[in-house]
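# Inside the fold
Okay, here's what each chain looks like letter by letter:
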Amino acid sequence: MYYSSGTYESFARPQKPEGVDQKSAYIIGSGLAALSAACYLVRDGQMSGKRIHILEKDPIPGGACDGYQYDNLGYVMRGGREMDNHFECMWDIMRSIPSIETEGISVLDEYYWLNKHDPNYSLMRATLNRGEDAHTENKFNLSDKGSMEIMKLFFTPDEDLYDKPITDFFSFDVLNSNFWLYWRTMFAFENWHSALEMKLYIRRFIHHIGGLPDFKALRFTKYNQYESMILPMIKYLEAHEVQFHYNTKVVNVEFDIQSDKKIAKSVSVIRDGNDETIDLTENDLIFITNGGCVENSTLGDQNHPALFNKEIKEGGGWDMWRKIAAQDPSFGHPDKFCYDPELTNWMSATVTTLDDRIPPYIQSICKRDPFSGKVVTGGIVTVKDSNWLLSWTFNRQPQFRNQPKGQLVGWIYGLFSDKPGNYIKKPMRDCTGKEICMEWLYHMGVPENEIEDMASNSANTIPCMMPYITAFFMPRSTGDRPAVVPEGSVNFAFLGQFAETARDTIFTTEYSIRTGMEAVYTLLNVDRGVPEVWGSVFDVRDLLNATVQLRDGKKAIDMNLSLKQKLALKDLLKKIEGTDIEKLLKEYHII
């Protein structure tokens with residue numbers, strides 16, 4: 001497997017890999033990474049779909065990318081996905097997945113046209129005082145000291161960040177700024193999370209720093225992530241006769257560990273309640289989704305809270321990874337990520353409006369008609385003075401194809417599930433759907449004497465507790481996540497957010513898809529380049545632009561410099577006078 005850039009590789013179709021007709025594939029899980037691996041096996045690996053088996057413990061596919069209408073509950077979206085135009089692997093596969101809504105076009109086509117004609121941006125990023133504009137004014141409000149702390153982290157070597165939290169590098173100059181408000185609520189970072197992941201995120205999305213305050217850098221699907229992304233992939237794979245095995249829980253994978261090679265030799269499963277063993281040969285490839293950010297997730301309903309299930313379940317993603325990791329050090333260290341769900345949880349809730357009472361409050365804040373079919377909030381609206389650090393969003397409506405006219409489906413989440421609310425004086429994790437809706441309506445500015453009735457009769461709210469949703473952000477070191485294809489592997493690979501690639505950043509759709517692509521290309525020796533991560537971190541123009549944007553447009557010469565520093569800067573500017581360097585610095589407003 002190798003990396004490449006440019007249309008020479010991206011437009012090419014690989015030759016059929018040698019020996020693929022004698023190979024089979026078993027894929028554990030049916031999340032985005034697993035489905036991507038299956039799509040690459042079919043498209044580029046040219047493996048017969050009948051020889052590809054997807055083993056899924058649940059009765060439905062999709063993993064964390066869900067969006068379902070549950071009987072007796074209603075619409076549920078546990079989370080949301082924000083996409084970037086430079087998700088190179090994602091768009092590489094989506095150009096080959098047919099749209100299930102418009103004949104003759106791809107998922108990429110419909111996504112591209114949608115976001116071109118209806119570009120995303122927010123008109124209200126944050127509120128306080130029960131629905132008033134927080135007046136962040138699209139500013140980061142970073143001091144020179146805070147800006148320098150971010151700059152220092154950006155240039156710190158990875159190995160100096162192993163096992164260290166963000167608070168080792170950021171002071172209150174960062175943690176009390178609008179920058180941190182935007183960042184933590186958009187990406188779900190907590191102060192105790194990994195400084196390494198923070199650095200990798202800044203570097204990965206340095207070209208979008210200026211779009212962070214108003215979300216103009218983001219792109220969204222037309223419907224919820226399941227119907228817009230997962231379902232088209234399922235239909236594509238089914239059309240190629242890929243075999244889906246639901247209600248099939250993988251308990252363990254057994255390996256033959258030798259000095260020069262490692263071979264997966266069997267898979268232990270529970271299928272419809274019965275124990276089975278799948279024996280593997282070197283021609284049987286197995287792709288393992290280890291861990292899982294939505295493991296132990298539970299749903300409540302309008303009148304019941306979602307349970308906080310902290311115990312690792314036998315046969316779940318964490319339990320399976322523990323059994324696998326015990327067999328060889330190169331298979332990672334799952335307990336670095338799942339040892340304390342108090343550090344990795346947050347809660348979400350899906351709210352469906354049932355009449356015309358709530359939509360005017362949404363429109364008042366987001367400044368758009370939520371029934372227009374176009375961008376509504378343009379990303380999350382954060383309640384700056386919420387004890388739960390509540391954020392909420394309504395994407396383009398309808399969010400579900402079968403959504404009744406006159407209803408809106410939106411998403412609420414809180415980073416601090418253990419804190420009592422401002423209106424509902426109890427932790428979010430103890431609240432029913434109705435109570436979470438009441439807290440949200442309070443922060444929307446609904447009169448207090450109308451809140452309970454509105455939450456009871458004008459909305460249906462389904463809470464969701466996710467104990468391990470940010471487990472991948474826990475401080476870590478090299479080797480804590482297994483390589484996508486560990487050294488010496490003959491017939492197996494790891495997939496998803498807890499597998500390690502050499503290039504990309506976790507908690508993105510791109511990361512999941514990239515692991516699937518790298519796994520297939522490596523094990524089948526596909527002769528086509530895996531797209532490089534977009535190289536903005538090495539582009540001096542993006543770096544200059546980000547430097548100015550981070551400081552809210554202030555030029556370098558406006559910094560609070562000592563006399564010695566001012567003289568040095570004056571001397572430097574004189575030396576570059578009349579050169580292309582001077583032109584470049586002026587073009588990007590450095591000077």
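Heads up: the structure comes first, above all this text.
Residues numbered from 1 in each chain as written. Predicted model: local features only at pLDDT ≥ 70, side-chain atom pairs only at ≥ 80, totals over all residues. Heavy atoms only, no water.

## As for the packing of helix α7 (residues 178-187) against helix α8 (residues 195-204)
- Where α7 meets α8, the closest approach of the two axes is 13 Å, and the angle between their N-to-C directions is 100°. On the basis of their axis angle, the class for α7 and α8 is roughly perpendicular. In this structure, α7 contributes F179, W180, W183 and F187 to the contact, and α8 contributes M198, Y201 and I202.
- Tallied by class, the residues present in the contact of α7 with α8 amount to 7 nonpolar, no polar and no charged. (Axes fitted to C-alpha atoms, helices over the stretch in contact; angles between N-to-C directions. Helix = DSSP H or I, 4+ residues; strand = E, 2+ residues; numbered from the N terminus. Parallel < 35°, antiparallel > 145°, perpendicular 65-115°, else oblique. Contact = heavy atoms within 4.5 Å. Nonpolar A, V, L, I, M, F, W, Y, C, P; charged D, E, K, R; others polar.)

## A word on the pattern of salt bridges
- According to the stated counting rule, one finds 42 salt bridges in the structure shown.
- The closest approach of N and O atoms between R43 and D44, which form a salt bridge, is 2.9 Å. Take R43 and D44: they sit in the same class, and that class is buried.
- The closest approach of N and O atoms between K323 and D319, which form a salt bridge, is 3.2 Å. (Salt bridge = Lys/Arg side-chain N within 4 Å of Asp/Glu carboxyl O. Buried < 20%, exposed > 50% of the residue type's maximum accessible area, 1.4 Å probe, protein only.)

## A look at the sheet that holds strand β13 (residues 298-299)
- Pairing in this open sheet of 8 strands is mixed, and the strands run β7-β6-β15-β16-β17-β14-β18-β13 from one edge to the other. Every other strand in the sheet has two partners, leaving β7 (132-133) and β13 as the edge strands with one partner each.
- Set on the sheet, α7 makes contact with β6 (126-128), β15 (381-383), β16 (390-393) and β17 (409-414); between it and β17 the angle comes to about 115°. (Pairing = 2+ DSSP bridges.)

## Overview of the packing of aromatic side chains
- A complete count under the given rule lists 43 aromatic pairs for this structure.
- Ring centres of F154 and F155 lie 4.9 Å apart, and the angle between their planes is 80°; on these two criteria the pair is classed as edge-to-face.
- A cation over a ring is seen here: R203 above F154, with NZ or CZ 5.4 Å from the ring centre.
- When the ring centre of Y121 is taken as origin, the NZ or CZ atom of R368, which lies over that ring, is 4.5 Å away. (Phe/Tyr/Trp six-rings, centres within 6.5 Å; stacked < 30°, edge-to-face > 60°. Lys NZ or Arg CZ within 6 Å of the ring centre and 35° of its normal.)

## A word on a nonpolar patch on the surface
- Together, M148, M151 and F155 make up a nonpolar patch on the protein surface, roughly 310 Å² of accessible area in all.
- Classification of F155 by relative accessible area gives exposed; the value is 57%. (Patch = residues over 30% accessible without salt bridge, like charges linked within 9 Å, V, L, I, M, F, W, Y side chains within 5 Å. Areas by Shrake-Rupley, 256 points an atom, 1.4 Å probe, with all protein chains shown as cover.)

## Side note on the side chain of T515
- You can see T515 is positioned in helix α15 (residues 509-524).
- For T515, a relative accessible area of 0% translates into the label buried.
- Setting aside residues up to four positions removed in sequence, T515 forms contacts with A33, V484, L495, G496, A499 and T501.

## What about helix α5 (residues 144-155)?
- Across its 12 residues, α5 extends 17 Å between first and last C-alpha, which sits within 8% of the 16 Å expected from 1.5 Å per residue.
- Taken together, the buried positions of α5 are G146, S147, E149, I150, L153 and F154. Looking straight down α5, one finds that the buried residues subtend no more than 155° of arc, so they occupy a single side. Exposed side chains of α5 directed beyond 90 degrees from the buried face belong to K152 and F155.
- Contacts made by the buried residues of α5 are with α6 (172-175), α7, α8 and α16 (540-550). (Expected span 1.5 Å × (residues − 1). Arc of directions from axis to C-beta.)

## Remarks on helix α2 (residues 32-43)
- Taking 1.5 Å per residue as the helical rise, α2 with its 12 residues ought to reach 16 Å, and the 16 Å between its terminal C-alpha atoms agrees with that figure.
- Along α2, 12 of the 12 residues are buried, which leaves the element largely enclosed by surrounding structure.
- Those residues of α2 that fall on the buried side of the exposure criterion are L32, A33, A34, L35, S36, A37, A38, C39, Y40, L41, V42 and R43.

## What to know about the nonpolar core
- With 138 residues, the main nonpolar core has W183 and F287 as its most contacted residues.
- Mapping this core onto the domain boundaries places at least three of its residues in each of domain 1 (18-101 + 222-302 + 313-338 + 478-526) and domain 2 (111-127 + 346-466).
- In terms of nonpolar packing, the next biggest core, distinct from the first, is built from 35 residues, M347, V383, C437 and M465 among them. (Core = buried A, V, L, I, M, F, W, Y, C linked by side-chain atoms within 4.5 Å. Domains from an automatic or database assignment.)

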